[in-house]
Amino acid sequence: MTKPSPLPRPKDGPAPIRLRPDLPTRAGFDSDHPLACGLVGREGPAIAHLGDLAALLARPAAGPVVIDADATGPWLLAMLVALAETWPGGTGALRGALCNDALDLYRGPAAPSWSSEAALDLAADTLSWSRRALPGLRGARLRVAAPVEGDALRPLVAALHSGLALLAATARRERPQHLRAAATGVEFLMPGNGPGDRAAGALLSQLWRALLVERHGPGFALPEDLVLYPEGRDAPGFADASVPGCDALRTALTQRETAEGAAAWLSRPAATMSPPSAPQEIDAGRNAALARWRRERDGNAVQKSLLALREAAKRGINVMGPSVACAKAGVTTGEWAATLGGALPRAAAPAPVPAPVTAPAPRGERMAACARLDAAMRGLSRPMTMLLVRPGLDARPWSGHPLLRAAQDCGVALCDCGARRMPAEIVPLAYHDKPHVLIFGLSNAQSIRMANSTVMELQKAGFGPIPMLGLVAFDAAPPLLGELHESVTLRNIHETTAETFLDDLSHMVVSGNALPRRHPT
């Protein structure tokens, strides 16, 4: 997922307040859930209920509030509305925006359990409802990522694609006049404020306005500040990118919309993630407060509000009103997300990942490494299989990563056991697939600790010395890596070449064991 851009500062008045909770909250888990262990309060505050939000905003917000909560953005908005009703001026005084990119959710660690179609419907509910109930708050702020290697087309197309998909979902659920009102709640945030960003923003605005008329008819009165620019932005943004023409942007958008899906893999975080100090003590204190909140609330009111939320979701009714009622009743973030997850269509379960039908023939060093792997696989009684394991809360996709694709190009089968697996769940999956190599996707400190627990569970279950390779996708401190079991070979996914990865697999297949232990390089 792209790194959040700085907030645009209003010309007059106080700076915006940014609500960016910790990863468990953004993914829809309470702090006492096993998948939240070690992550509570690490990247932001834990916000499990209305009391937590009231403690953060002890006084009415003087400036605009920007909610950046990924899967639970609608829930944070519902709690904010419930809290604002107690402020002088009520919800009419609320200003701000909700970062609400339903398509981008599934490229980040906080992807919800419901399908992308359901996420679009939920985002459409939020957009429409906020336009009617909160005139001062924009229901969909879509961030435009900074160009990578001068490619200005990709970020502009991604933002347009997300916005158009959101408006299409809104059109399915709203009357035309309500659609036009909802469209005024959409805005785009550019990564920078230089001339290149201004030119790209003008192009995006021009095409967005034209496409709305082409796809949904005339009558759209969009705001002048459709595209926003952060104040004091020093990052290059579109400064070094060549802004494409309108025709090129249209063509690229059409290609993206008609494609079956684009590969998405982990982006490298800028900051080093070191192991937190005493996470058990922090989580324990938080969990005690959460248990006290549950004891002191009205249980009947909670159950009634959750039932109303479930029925609204199952029947396709706008869920924002029931969500506000849940917030007032004392429902927690995990309960809200679990209720929606049980009522909405679920995200598709991972299936064996096929290799590209028209994979290019490997060349040079890649060809030599592929030949060595092919020779290593000749003694196997069945096709070589890798089992991709992603323990922990981070749900970012891995199966499309170039390292894994390179192995598939050489005839290795890839099975993905799915995200957010607990160690005890991985054992029967490994027994079923009987992989030749177990690949751990390690995205943060929690996943390393859960990978270690997985190794222990496999040993308890009587598994033999299965080769294990850990692909580390963040800047982990050496002491943290040392916690992982010595049978797991570690590689830095950003610095490992395909040739090295293929040679690792060759060695593991021949020896039946992991490589000698070393830190990833």
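Further up the page is the structure itself.
Let us look at the structure shown here. As the structure is a computational prediction, the values presented were derived from the model and not from experiment. (Residues numbered from 1 in each chain as written. Predicted model: local features only at pLDDT ≥ 70, side-chain atom pairs only at ≥ 80, totals over all residues. Heavy atoms only, no water.)

Regarding the sheet that holds strand β11 (residues 488-492)
Backbone-to-backbone hydrogen bonds join strands into a sheet, with any given pair of strands oriented parallel or antiparallel.
And step 1. Strand order in the open sheet formed by 5 strands is β8-β7-β9-β10-β11, and the pairing between neighbours is parallel. Strands at the two margins of the open sheet, each flanked by one partner only, are β8 (413-421) and β11. The sheet shows a mean angle of 25° between the axes of neighbouring strands, direction not considered.
And step 2. Here helix α18 (residues 498-511) sits on the sheet and contacts β7 (385-391), β9 (437-442), β10 (468-472) and β11; the angle it forms with β10, its principal contact strand, is near 160°. (Pairing = 2+ DSSP bridges. Helix = DSSP H or I, 4+ residues; strand = E, 2+ residues; numbered from the N terminus. Axes fitted to C-alpha atoms, helices over the stretch in contact; angles between N-to-C directions. Contact = heavy atoms within 4.5 Å.)

Observations regarding the pairing of β11
And step 1. A large share of β11 lies buried, amounting to 5 of its 5 residues.
And step 2. With burial as the criterion, each face of β11 is covered, one bearing V488, L490 and N492 and the other bearing T489 and R491.
And step 3. In this sheet, β11 lies alongside β10 in parallel orientation, the contact comprising 5 bridges. In the strand pairing of β11, L469 is matched with T489. (Buried < 20%, exposed > 50% of the residue type's maximum accessible area, 1.4 Å probe, protein only.)

With respect to the side chain of N452
And step 1. With respect to the helices, strands and loops of the structure, N452 is situated in helix α16 (residues 445-460).
And step 2. The buried category is assigned to N452, whose relative accessible area is 18%.
And step 3. Discounting chain neighbours no more than four positions away, the residues touching N452 are E483, L484 and H485.

Topic: the packing of aromatic side chains
And step 1. For the structure shown, the criterion picks out 3 aromatic pairs.
And step 2. Seen from their ring centres, W75 and W336 are 5.7 Å apart, and the 25° between their planes marks the pair as stacked. Here W75, found in helix α3 (residues 73-84), pairs with W336, found in helix α12 (residues 333-343); they are 261 residues apart in sequence, far enough to count as distant.
And step 3. Assessed through its relative accessible area of 0%, W336 is described here as buried.
And step 4. Look at F188 and W208: their rings are 5.1 Å apart centre to centre, the planes differ by 75°, and that puts the pair in the edge-to-face class. Of the two residues, F188 is situated in strand β5 (residues 186-189) and W208 in helix α7 (residues 195-216); the sequence distance between them amounts to 20 residues. Side by side, F188 and W208 carry an identical accessibility label, which is buried.
And step 5. Taken together, the ring pairs in this structure connect W75, W114 and W336 into an aromatic cluster.
And step 6. The ring centre of Y229 lies 3.9 Å from the NZ or CZ of R198, which sits over that ring.
And step 7. Lying over the aromatic face of Y431, K434 brings its terminal NZ or CZ to 4.3 Å of the ring centre. (Phe/Tyr/Trp six-rings, centres within 6.5 Å; stacked < 30°, edge-to-face > 60°. Lys NZ or Arg CZ within 6 Å of the ring centre and 35° of its normal.)

Some remarks on the packing of helix α5 (residues 153-173) against α7
And step 1. Close contact between α5 and α7 brings their axes to 11 Å; oriented N to C, the two are set at 30°. If you check the angle between α5 and α7, you find them roughly parallel. The hand of the α5/α7 crossing is right-handed. Residues L156, A159, L160, G163, L164, L167, A168 and A171 of α5 lie in contact with α7, whose contacting residues are A200, L203, L204, L207, W208, L211, L212, R215 and H216. (Parallel < 35°, antiparallel > 145°, perpendicular 65-115°, else oblique. Left-handed = near helix turned anticlockwise from the far one by under 90°.)

Examining the sheet that holds strand β3 (residues 96-99)
And step 1. Pairing in this open sheet of 6 strands is parallel, and the strands run β1-β2-β3-β4-β5-β6 from one edge to the other. The open sheet has two free edges, formed respectively by β1 (17-19) and β6 (227-228), since each of these has just one partner strand.
And step 2. In terms of strand pairing, β3 meets strand β4 (residues 137-143) through 3 bridges, oriented parallel. Among the inter-strand pairings, C99 is bridged to a residue of β4, identified as R141.

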